[in-house]
Amino acid sequence: MSCYEVKKFAVIGAGNMGSGIAQKIATEGLPVVLVDLDDQKVERGMNIIREMLQQGVERRIFRPEKAEAILANITGTSDWTQLGDVDLVVEAVFENLDVKRQVFARLSEVTKPTCILGTNTSSFLVKDIASAATNPERVVGLHYFFHPAKNRLVEVIAHEGTDPAAYSAAWAAQEAMGKTPIDSADAPGFVVNRYFVPWINESVRLLEEGIANIATIDWAAKKAFRIGMGPFELMNVTGVPISMHAANTLGQDLHPFYLSADALTEQVESGRGDWEVEGDIDESKLDAVADRLLGVVFYVATQLIDEGVSSVEDTDIGARVGLRWSMGPIQLVNRNGADRARSLAEAITSKWKLAMPKLLAEAPADGIPIQLVASGVRGSMASVWINRPDAMNALNPDVGAQLDAAMQGAYTTGKGVMLGGNGKAFIAGADIKFFVDHLRANTYDNIQNFAAHGHEILNGMSAASVPVVARMQGLALGGGAEMALGCDWIVASSKAMIGFPETGIGIFPGMGGTQRLTRRVGAPLAKYLVYTGQFVDAKSAMKIGLIDAVTDFAGLDATCESYAAAGKAPERVAPNTCPDAKWQAIWDFFASYSVDQMLNGEAKTDGNPVLDKAVKTMGFKSYNALKVAENLINEGALLDLPAALACELRDLRAAFTHADGIEGLSSMIEGRRPSFQAPARV
Ligand SMILES: NC(=O)c1ccc[n+]([C@@H]2O[C@H](COP(=O)([O-])OP(=O)(O)OC[C@H]3O[C@@H](n4cnc5c(N)ncnc54)[C@H](O)[C@@H]3O)[C@@H](O)[C@H]2O)c1
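Remember, predicted model here, so these are calculated numbers, not experimental data. (Residues numbered from 1 in each chain as written. Predicted model: local features only at pLDDT ≥ 70, side-chain atom pairs only at ≥ 80, totals over all residues. Heavy atoms only, no water.)

### Description of the overall build of the protein
Right, on to step 1. The helix and strand inventory of the protein stands at 30 helices and 18 strands.
Right, on to step 2. Computed over its C-alpha atoms, the radius of gyration of the protein comes to 27 Å, within 12% of the 26 Å expected for a compact globule of 682 residues.
Right, on to step 3. When the backbone C-alpha atoms are referred to their principal axes, the protein occupies close to 80 × 60 × 55 Å.
Right, on to step 4. In the protein, which comprises 682 residues, the proportion classed as buried is 57%.
Right, on to step 5. Charge separation in the protein, taken as the distance between the mean sites of 62 positive and 81 negative side-chain charges, equals 4 Å. (Helix = DSSP H or I, 4+ residues; strand = E, 2+ residues; numbered from the N terminus. Rg over C-alpha atoms; globule rule 2.2 N^0.38 Å. Buried < 20%, exposed > 50% of the residue type's maximum accessible area, 1.4 Å probe, protein only. Lys, Arg positive; Asp, Glu negative; His and termini not counted. Charge placed at Lys NZ, Arg CZ, Asp CG, Glu CD.)

Here you go:
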């Protein structure tokens, strides 16, 4: 078991970044100490947080009580002795190497030896800061993005001496903070700034070369990268000098190509301040601008991957999550086609006498492979990780194919397998757009094949000789909950939420959900969960046997390992009494009445508000889906699991191709309430 367990946090520096990082930690319900040079500076940081929270209350993002609870998690102080029991420190002081090194030397003295020390530096190497600590093996880089309470991305950086256990614990702590972590080597600009800074810089070069004016460059960049702000607008927001400094730092560390464009240096040195972004847009310049910016991104992104700074997948996630580009650099390479991408990058490499990165030079015509599912080792277990954090790890046929292959590979290691998801969600269901596209194109068989393949993967988990443990760190909805149910064991964080929302979109849990759920919690509670779509938190799920263990984030991996050590799960037999007294009324009600009786008002709730609410909620669901689910739960209870699962697959078509299926699924992607067919009253 790791000696690093992160439960309590601290942030050093209560400025723009530090205050936001502390706010985010506190928002996730975690305790954090916020330190600055003196009480006045601490108070200034606390006021930044109070203002942000007040805005959140005014915009009804949360209630005033929630804002108070968040503030109560933050201890502002200038007293460093308060750091003695902290498990992870994020340093966010001025970007000055001497100041940062002094802070790390002091942190070495006041923190316990198992406290992880993270730096939020943007421009220094982590190792140059770590060497000021007495035990640099516990130092990592934690590079957040502005605004750190809103932007989910964080780059997690190990320097050459970082203890892998400290790195893993720091990573898990980012998950606990609700962040989307990506891995970066300790290299100039890490991942995202490495291509983002040259992208900004190239936009100034386009201006100084007279290719287009500022308004046109911003417009073309927004169109090409499908983003809300162009490079000049962005520079104005973050401060123009920061862009110049960032470019020069990369230029000094890497190559003159990265050095600040002359016009950018001049803008700063002349003291002109912000760019004048208003002007006439010349639409004929779209390609000239877009191609240059794309060429820069293609060159830099593939170069950094070649250097081993990050993976293809994390490089793309960084752009989508951190910069909110609709596609990452490698997806853009693939969309443009390898030949065109190479020729756009060639315009940059030939001008600057740079070598074409191998990844781009050898990119196959059908694109650079992007792994949606990552395999590896995690502690004593093999790990299989769904890596689509910005799509909440939703399942689709590509994910299914890669998941299948990854699971097969993991089984051959002989180790227990940990199935996880990157980011805030474990797996938030299936890709609804995939369903809608095939229903509209009248190609339903693709949906049936997708579900059947899902069944095969789940059956494979039971058949595997090694135990499979779901590491459910966050939301598990629909197909995601069903994936977990197929594992031998489910270990959840206290933040996990489980739900089966399918009947609200015209379908039913069709990847084993109606059957495996029943065998975990009993038919009455399975009916309640499937008919109402009610989300269950991890603690309640544990009480009714839906999952096996709940732990905080720090204990997730170790708990998964202990369940894997217990071996394969025994065959699950549906309980025939209510597993928890608090659920007794729900159990009795759903055991006694049919869907029709409940919807016709024949079922007696005896004024129980939970039951009244359940019945009311069912009125908004698809009647067709409710009936199909009811039949399946009743029929499956009399069969063995394989036969019951076959019934589920048999009935999929009846739900998906019913008018309610098409309506419910379409309403979901169109962001509106569904309008289902009225029940044929009995
Ligand atoms: N601003 C961004 O967009 C951004 C993005 C990513 C990373 N960063 C990095 O985050 C760090 C902080 O940036 P910022 O924009 O929040 O700066 P800032 O100037 O707003 O805040 C720095 C804070 O650190 C405090 N401080 C300075 N020395 C200290 C010490 N010895 N002990 C305790 N507190 C001390 C200052 O009083 C100040 O409140 C920098 O390393 C920066 O490169 C910034």
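Next, the rest of the story.
### Quick word on the pairing of strand 11 (residues 417–421)
Consecutive side chains of a regular strand alternate in pointing toward one face of the sheet and then the other.
Right, on to step 1. Counted residue by residue, strand 11 has five buried out of five residues, so it is predominantly covered.
Right, on to step 2. As paired elements, strand 10 (residues 381–386) and strand 11 share five bridges and run parallel to each other. Each residue of the ladder has a partner; that of tryptophan 385, found in strand 11, is glycine 420.
Right, on to step 3. The β-α-β motif built from strand 10, the intervening helix 17 (residues 397–411) and the parallel element strand 11 has right-handed crossover chirality.
Right, on to step 4. Sheet analysis places strand 11 next to strand 13 (residues 468–472), joined by three bridges and oriented parallel. When the sheet's bridge partners are listed, leucine 419 is paired in strand 13 with alanine 470. (Pairing = 2+ DSSP bridges. Right-handed = clockwise from strand over helix to strand, strands pointing away.)

### Digging into the site of the ligand
Right, on to step 1. Taken together, 24 residues surround the ligand, and among them Met17, Asp36, Glu95, Lys100 and Asn120 come closest.
Right, on to step 2. For the ligand, an oxygen atom lies 2.7 Å from a polar atom in the backbone of methionine 17.
Right, on to step 3. At 3.0 Å from an oxygen atom of the ligand is found a side-chain nitrogen or oxygen belonging to serine 122.
Right, on to step 4. Here the shell around the ligand gets three residues from one element, more than from any other, and that element is helix 4 (residues 97–110).
Right, on to step 5. Taken together, the residues of the shell around the ligand sort by class into 12 nonpolar, seven polar and five charged. (Near = heavy atom within 4 Å. Polar contact = N/O pair within 3.5 Å; in protein donor to acceptor, adjacent residues only side chain to side chain. Nonpolar A, V, L, I, M, F, W, Y, C, P; charged D, E, K, R; others polar.)

### Some remarks on the sheet that holds strand 16 (residues 497–499)
Right, on to step 1. On the basis of which strands lie adjacent, the open sheet formed by four strands has the order 12-14-16-17 and mixed pairing. Sheet topology places strand 12 (425–427) and strand 17 (536–537) at the edges, where each strand pairs with a single neighbour.
Right, on to step 2. Of the strand pairs in this sheet, strand 12 and strand 14 (residues 475–477) are connected by two bridges, and their pairing is parallel. Across the sheet, isoleucine 427 pairs through a bridge with alanine 476, a residue of strand 14.
Right, on to step 3. In the packing of helix 20 (residues 479–486) onto the sheet, contacts are made with strand 12, strand 14 and strand 16, and the angle to strand 14 comes to roughly 95 degrees. (Contact = heavy atoms within 4.5 Å. Axes fitted to C-alpha atoms, helices over the stretch in contact; angles between N-to-C directions.)

### Here we look at the packing of aromatic side chains
The relative placement of two aromatic rings is captured by the distance of their centres and the angle of their planes.
Right, on to step 1. Inspection of the entire model under this criterion finds 21 aromatic pairs.
Right, on to step 2. Between phenylalanine 257 and tyrosine 299 the ring centres are 5.8 Å apart and the planes differ by 85 degrees, which places this aromatic pair in the edge-to-face class. With a gap of 42 residues between them, phenylalanine 257 in the loop between helix 10 (240–253) and helix 11 (262–269) and tyrosine 299 in helix 12 (residues 286–306) connect regions that are remote in the sequence. Residues phenylalanine 257 and tyrosine 299 agree in their burial class; the two are buried.
Right, on to step 3. Both rings, one in phenylalanine 434 and one in phenylalanine 450, keep their centres 5.2 Å apart while their planes meet at 65 degrees; by these two values the pair is edge-to-face. Of the two residues, phenylalanine 434 is situated in helix 18 (residues 432–440) and phenylalanine 450 in helix 19 (residues 445–463); the sequence distance between them amounts to 16 residues. Each member of the pair, phenylalanine 434 as well as phenylalanine 450, is classed as buried.
Right, on to step 4. Aromatic ring contacts, followed pair by pair, group Tyr528, Tyr531, Trp583, Phe589, Phe590 and Tyr593 into a single cluster.
Right, on to step 5. For arginine 106, the ring lying beneath its charged end belongs to tryptophan 80, and the centroid distance is 4.1 Å. (Phe/Tyr/Trp six-rings, centres within 6.5 Å; stacked < 30°, edge-to-face > 60°. Lys NZ or Arg CZ within 6 Å of the ring centre and 35° of its normal.)

### Let's talk about the domain arrangement of the protein
Right, on to step 1. Each assigned domain of the protein is listed with its residue range as follows: domain 1 (9–185), domain 2 (192–361) and domain 3 (373–670).
Right, on to step 2. Taken together, the contacts link five residues of domain 2 with four residues of domain 3.
Right, on to step 3. Roughly 310 Å² is buried in total at the junction of domain 2 and domain 3, and carbon and sulfur atoms are behind 48% of that figure.
Right, on to step 4. Of all residues in domain 2, Ile317, Arg320 and Val321 bury the most surface against domain 3, accounting for 80% of the area lost on that side.
Right, on to step 5. Across the contact surface, domain 2 and domain 3 share one salt bridge.
Right, on to step 6. The salt bridge partner of aspartate 390 is arginine 320, with a shortest N-O separation of 2.3 Å.
Right, on to step 7. Inspection of the domain 2/domain 3 interface yields one residue pair in polar contact (both at pLDDT 80 or more).
Right, on to step 8. Broken down by class, the residue content of the side of domain 2 that touches domain 3 amounts to two nonpolar, no polar and three charged. (Domains from an automatic or database assignment. Buried area = accessible area lost by both parts, 1.4 Å probe. Salt bridge = Lys/Arg side-chain N within 4 Å of Asp/Glu carboxyl O.)

### Let's talk about the packing of helix 7 (residues 192–208) against helix 11
Right, on to step 1. The geometry of helix 7 relative to helix 11 is characterised by a closest axis approach of 7 Å and an angle of 95 degrees between their N-to-C directions. By the angle between their directions, the pair helix 7 and helix 11 is classed as roughly perpendicular. Here helix 7 contributes Asn201, Val204 and Glu208 to the contact with helix 11, which in turn contributes Asp262, Ala263 and Leu264.
Right, on to step 2. Residue classes in the contact of helix 7 with helix 11 are distributed as three nonpolar, one polar and two charged. (Parallel < 35°, antiparallel > 145°, perpendicular 65-115°, else oblique.)

### Concerning the sheet that holds strand 18 (residues 549–551)
Right, on to step 1. Strand order in the open sheet formed by six strands is 9-10-11-13-15-18, with mixed pairing between adjacent strands. This sheet does not close on itself; its edge strands, each paired only once, are strand 9 (373–378) and strand 18. When the angles between neighbouring strand axes are averaged without regard to direction, this sheet yields 25 degrees.
Right, on to step 2. Alignment of strand 13 against strand 15 (residues 489–493), held across four bridges, turns out to be parallel. When the bridges of strand 15 are listed, methionine 472 appears paired with alanine 492.
Right, on to step 3. Where helix 17 meets the sheet, it contacts strand 9, strand 10, strand 11 and strand 13, and its direction lies at approximately 175 degrees from that of strand 10.

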